[in-house]
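This is what each chain is made of:
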Amino acid sequence: MSRYCHAIMVRTSPRAGEELAEYATVPVINGLTDLLHPCQVLADLQTVYAHYADTRARVPRHRC
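Reading guide: rules and limits
- Residues numbered from 1 in each chain as written.
- Predicted model: local features only at pLDDT ≥ 70, side-chain atom pairs only at ≥ 80, totals over all residues.
- Heavy atoms only, no water.
- Helix = DSSP H or I, 4+ residues; strand = E, 2+ residues; numbered from the N terminus.
- Contact = heavy atoms within 4.5 Å.
- Areas by Shrake-Rupley, 256 points an atom, 1.4 Å probe, with all protein chains shown as cover.
- Pairing = 2+ DSSP bridges.
- Right-handed = clockwise from strand over helix to strand, strands pointing away.
- Patch = residues over 30% accessible without salt bridge, like charges linked within 9 Å, V, L, I, M, F, W, Y side chains within 5 Å.
- Salt bridge = Lys/Arg side-chain N within 4 Å of Asp/Glu carboxyl O.
- pLDDT = per-residue confidence, 0-100.

> Explain the overall build of the protein chain to me, and be specific about the residues and the numbers.
Along the protein chain, the regular secondary structure elements total two helices and two strands. The linear arrangement of helices and strands in the protein chain, starting from the amino end, is β-α-β-α. Residue pairs at least 24 apart in sequence account for 5% of intrachain contacts in the protein chain once pairs closer than 6 positions are excluded. Just so you have it, the protein chain exposes about 6,000 Å², and 58% of that area is on carbon and sulfur atoms.

> Describe in detail the pairing of strand β2 (residues 28-32), supporting the description with residues and values.
Within a regular strand, side chains alternate between the sheet's two faces. Where strand β1 (residues 8-11) and β2 come together, four bridges link them in parallel fashion. Within β2, the position partnered with M9 by the bridge is I29. Considered for its hand, the β-α-β crossover made up of β1, helix α1 (residues 14-23) and β2 is right-handed.

> Quick one: what's the story with a nonpolar patch on the surface, residue by residue and with numbers?
Among the surface-exposed residues, V41, L42 and L45 lie close enough to one another that they form a single nonpolar patch of about 300 Å² accessible area. Considering the arrangement of structural elements, one finds V41 in helix α2 (residues 40-58).

> Quick one: what's the story with the pattern of salt bridges, residue by residue and with numbers?
In total, this model carries one salt bridge according to the counting rule given. A salt bridge links E18 to R15; the shortest N-O distance between them is 3.7 Å. Taken together, the residues E18 and R15, both in helix α1 and three residues apart, mark about one turn of the helix.

> So what about the environment of S2? Which residues, and what values?
Note on placement: S2 falls in the segment before β1. In this structure, the C-alpha to C-alpha distance between S2 and T25, residues 23 residues apart in sequence, is 6.2 Å. Leaving out residues up to four positions away in the same chain, S2 has contacts with T25 and V26.

> How would you summarise the environment of G31 if you had to cite specific residues and measurements?
Relative to the elements of secondary structure, G31 occurs in strand β2. In contact with G31, other than residues within four places in its own chain, are M9, V10, R11, H37, P38 and C39.

> Tell me about the confidence of the model for the protein chain, and name the residues and values.
Do not read the predicted coordinates in detail wherever pLDDT is low. Looking at the protein chain as a whole, the pLDDT averages 79, with 83% of positions reaching at least 70. Taken element by element, the predicted model of the protein chain shows its lowest mean pLDDT in α2 (75) and its highest in α1 (87).

As structure tokens, then:
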């Protein structure tokens, strides 16, 4: 798989992710397990940014 990508994000059970990381030659990122979801904060930030960027575009700017 390392011939096709520079890193792997895996959403699986903790043991399967650890086993993949053990044999992988590229970095393996824990995308989601039953206990942890470290990449969720990135998705949340992207959602907040998209919402507020869209809102700011519709609000007229007033000059004093």
